[in-house]
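# Residue-level structure breakdown
As a plain string of letters, each chain reads:
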Amino acid sequence: MISYPEDVLFRDYQLKSVAAFVHGDPTIACPNLIIQGNSSSGKTYVLQKFFEANPSLINAWLEPIELVSWKPLLQAVVRSVQNKLKILFCDLAHKECDPLEVEEPFLLVKALWNIFSQYDSLPTDINFFLVLDGFDRLQDLDAALFNKFIKFHELINTKSKIHLKLIYMIQDIAFVERYSSHCLPMIVFPSYSIEQIIEILIFTRVEQLVMSNTLRERIIKQGVEECTDEQFVSVAANYIKLIVQAFHSYTGNNINALNDFIDFKWHSYVQKITKENIFDPLALYRSSINLFLTTDDSFVEDEDNRDNYNEPSQTYELSAISKYLLIAAYICSYLGPRYDSNVFSRRSYLKSGRSSYGRRKKMETNPRYLQPSLFHLERLFAIFQAIFPVERTTESGSLASLREEALIRANVEVFQNLAELHVLKMVSTTVTKNIDFLSHKTKWKVNVPWEIVLEVAKSVNFDISQYFSGL
């Protein structure tokens, strides 16, 4: 009998669909199941809760995104299946299979065949559900790998007592559409709305906030009398709503990030509670409005920012090269290349006057209000070279010996910092898979708003606003 978890909101249809395909009877459960949904749509959480509510269903989890390529994935499949069965049926004699010997898909089939054959003495047939969480995020993923996985149930011994069932969690719908001809069953998890996010956080966090010592101590200190549990819940629920409304555009549906904001700002919010505003949500919001205007992150180390803790700032820990690369990327995306030679060149013999830049009209629309334009690496490095102060390289001693002029060179250190910005999603390319970062055909664009770039520029004393003046 399938049980449904009670602490899962807004996913009743998905739970019923999972129960229809994930079953203890091998004749009912399908060999391959796709669970598709965007990031933070509850795929992993719902399936974990489903298996917790049904402990009789044997399952194991793999995250291919942590395995880098397909070969470690094949070895992890063998290791996970073998270890799980060894724990469940420890009284049965079994022979160890070395996962490191599995270097090809046909060797994986052979290894699983040998492992399952050791459990032919089981009284009944059982299903083994292997969850591949984020299969489409696997690096070095080719089109043939998924085809090989969905055919495993046909290659493994059909008379075995253990039946392997694969569940693929996939974000990219385009990946699924490539294999639509296979007619694999798929359960779609739509993205949560902001109202649903609020309800989920209230359901999961209100009790913890109400029972926190911070709130209780503040109530006693302010001398608030006859405060009921419902009023405590109202204070916590209103705080959660304010957090989501203020930072949802910053975090999206990432519940983990919103939980971090809730924990990070709860103490400061409680300190604004007084006897007069505890029962007046609007007055309490007005007294604590500064908490919801900034994320209170910092570009500098915590030790350097302790004295200015109360000053609002929004920043990340980046190296000096990364900061100037991000500034150069923003300039590339929001200023046309027509005037680069006039604005950034340090050559004195270039033409001056109107002949150097033509008749320039004032733009009717500030380019910062438009979508970022695409640019090539050559232009990015040229602008980066023009704005980066050589004194920084001299102080660090890492690049000073390479310069023939007072300019920084685009060497390995610069490329490493550019890769860091790409991993942080601050810059992106027009392609998402098999990216050749050094190709002259690859186009880039900046991925951060003006406010963040302005904070980055201020942290290195760079006046980026001068490039957007008079627009």
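Up top you'll find the structure we're talking about.
Heads up: these notes are all about the structure in this document. (Residues numbered from 1 in each chain as written. Predicted model: local features only at pLDDT ≥ 70, side-chain atom pairs only at ≥ 80, totals over all residues. Heavy atoms only, no water.)

### Points about the packing of aromatic side chains
- With the rule as written, the count across this model stands at 26 aromatic pairs.
- Note on Phe146 and Tyr168: the rings are 4.9 Å apart at their centroids and 65° apart in plane angle, and the pair reads as edge-to-face. A residue pair is termed long-range when its members are at least 10 positions apart, and Phe146 in helix H5 (residues 143-149) and Tyr168 in strand E4 (residues 162-170) qualify at 22 residues. For the pair formed by Phe146 and Tyr168, the shared burial category is buried.
- An aromatic cluster is present here, built from Phe135, Phe146, Phe149, Phe152, Tyr168, Phe175 and Tyr179 joined pairwise through their rings.
- Note that Arg11 overlies the ring of Tyr192, its terminal NZ or CZ placed 4.1 Å from the centroid.
- The ring centre of Phe232 lies 4.3 Å from the NZ or CZ of Arg216, which sits over that ring. (Phe/Tyr/Trp six-rings, centres within 6.5 Å; stacked < 30°, edge-to-face > 60°. Helix = DSSP H or I, 4+ residues; strand = E, 2+ residues; numbered from the N terminus. Buried < 20%, exposed > 50% of the residue type's maximum accessible area, 1.4 Å probe, protein only. Lys NZ or Arg CZ within 6 Å of the ring centre and 35° of its normal.)

### Some details on a negative patch on the surface
- On the surface, a cluster of negative charge is contributed by Asp98, Glu101, Glu103 and Glu104.
- The class of Glu104 is partly exposed, set by a relative accessible area of 34%. (Patch = residues over 30% accessible without salt bridge, like charges linked within 9 Å, V, L, I, M, F, W, Y side chains within 5 Å. Areas by Shrake-Rupley, 256 points an atom, 1.4 Å probe, with all protein chains shown as cover. Salt bridge = Lys/Arg side-chain N within 4 Å of Asp/Glu carboxyl O. Lys, Arg positive; Asp, Glu negative; His and termini not counted. Charge placed at Lys NZ, Arg CZ, Asp CG, Glu CD.)

### With respect to unusual backbone geometry
- Even without glycine at this site, Cys183 takes up a positive phi of about 55°.
- Assignment of secondary structure puts Cys183 in the loop between helix H7 (173-177) and strand E5 (186-189).
- The exposure class assigned to Cys183 is exposed, which follows from its relative accessible area of 66%.
- Located in the positive-phi region is Lys425, a residue other than glycine, with phi close to 65°.
- Along the chain, the position of Lys425 falls in the loop between helix H19 (412-423) and strand E6 (427-429).

### A few points about the nonpolar core
- Ranked by internal contacts, the top residues of the largest apolar core, which has 45 residues, are Leu73, Phe135, Phe149 and Tyr168.
- If you list the elements that add at least two residues to this core, you get strand E2 (58-62), helix H3 (70-88), helix H4 (105-117), strand E3 (126-133), H5, E4 and H7.
- Looking at which element gives the most residues to this core, the answer is H3, with seven residues.
- In this view, Tyr168 contacts Asn32, Leu33, Ile34, Ile35, Leu132, Phe135, Phe146, Phe149 and Ile150; residues no more than four positions away in its chain are not counted. (Core = buried A, V, L, I, M, F, W, Y, C linked by side-chain atoms within 4.5 Å. Contact = heavy atoms within 4.5 Å.)

### Concerning helix H11 (residues 255-270)
- The end-to-end C-alpha distance of H11 is 22 Å, a good match for the 22 Å that 16 residues give at a rise of 1.5 Å each.
- The largest bend along H11 reaches roughly 35° and is located at Phe264.
- What H11 keeps buried is the set Leu258, Asn259, Phe261, Ile262, Lys265, Trp266, Tyr269 and Val270.
- The inward-facing, buried residues of H11 abut helix H8 (194-210), helix H9 (213-222), helix H10 (229-251) and helix H12 (281-287).
- A side-chain oxygen of the first residue of H11 lies 3.1 Å from the backbone nitrogen of Asn256; this N-cap is Asn254. (Expected span 1.5 Å × (residues − 1). Bend = angle between axes of the 7 residues up to and from the residue. Polar contact = N/O pair within 3.5 Å; in protein donor to acceptor, adjacent residues only side chain to side chain.)

### Considering the pairing of strand E1 (residues 32-37)
- Among the six residues that make up E1, six are buried, leaving the element largely enclosed by the rest of the structure.
- Residues Asn32, Ile34 and Gln36 point to one face of E1 and Leu33, Ile35 and Gly37 to the other, with burial holding for every one of them.
- Sheet topology note: the E1/E4 ladder contains five bridges and is parallel. Pairing of Ile34 across the sheet is with Tyr168, part of E4. (Pairing = 2+ DSSP bridges.)

### Side note on helix H1 (residues 12-21)
- All of the buried residues in H1 are Gln14, Leu15, Ser17, Val18 and Ala19.
- In the core, the buried residues of H1 are packed alongside helix H2 (43-53) and E5.

### Some words on the pattern of salt bridges
- Overall, the coordinates contain eight salt bridges when judged by the stated rule.
- Notably, a salt bridge pairs Lys86 with Glu96, separated by 2.6 Å at the nearest N-O pair. With a gap of ten residues between them, Lys86 in helix H3 and Glu96 in the loop between H3 and H4 connect regions that are remote in the sequence.
- Using a relative accessible area of 27% as the deciding quantity, one classes Lys86 as partly exposed.
- Between Asp136 and Arg137 there is a salt bridge whose closest N-O contact spans 3.2 Å.
- Residue classification places Arg137 among the partly exposed positions, given a relative accessible area of 34%.
- A single network of salt bridges, built from pairs that share partners, joins Asp7, Lys49 and Glu52.

Fair warning: the whole summary comes from geometry, so function is off the table for now.
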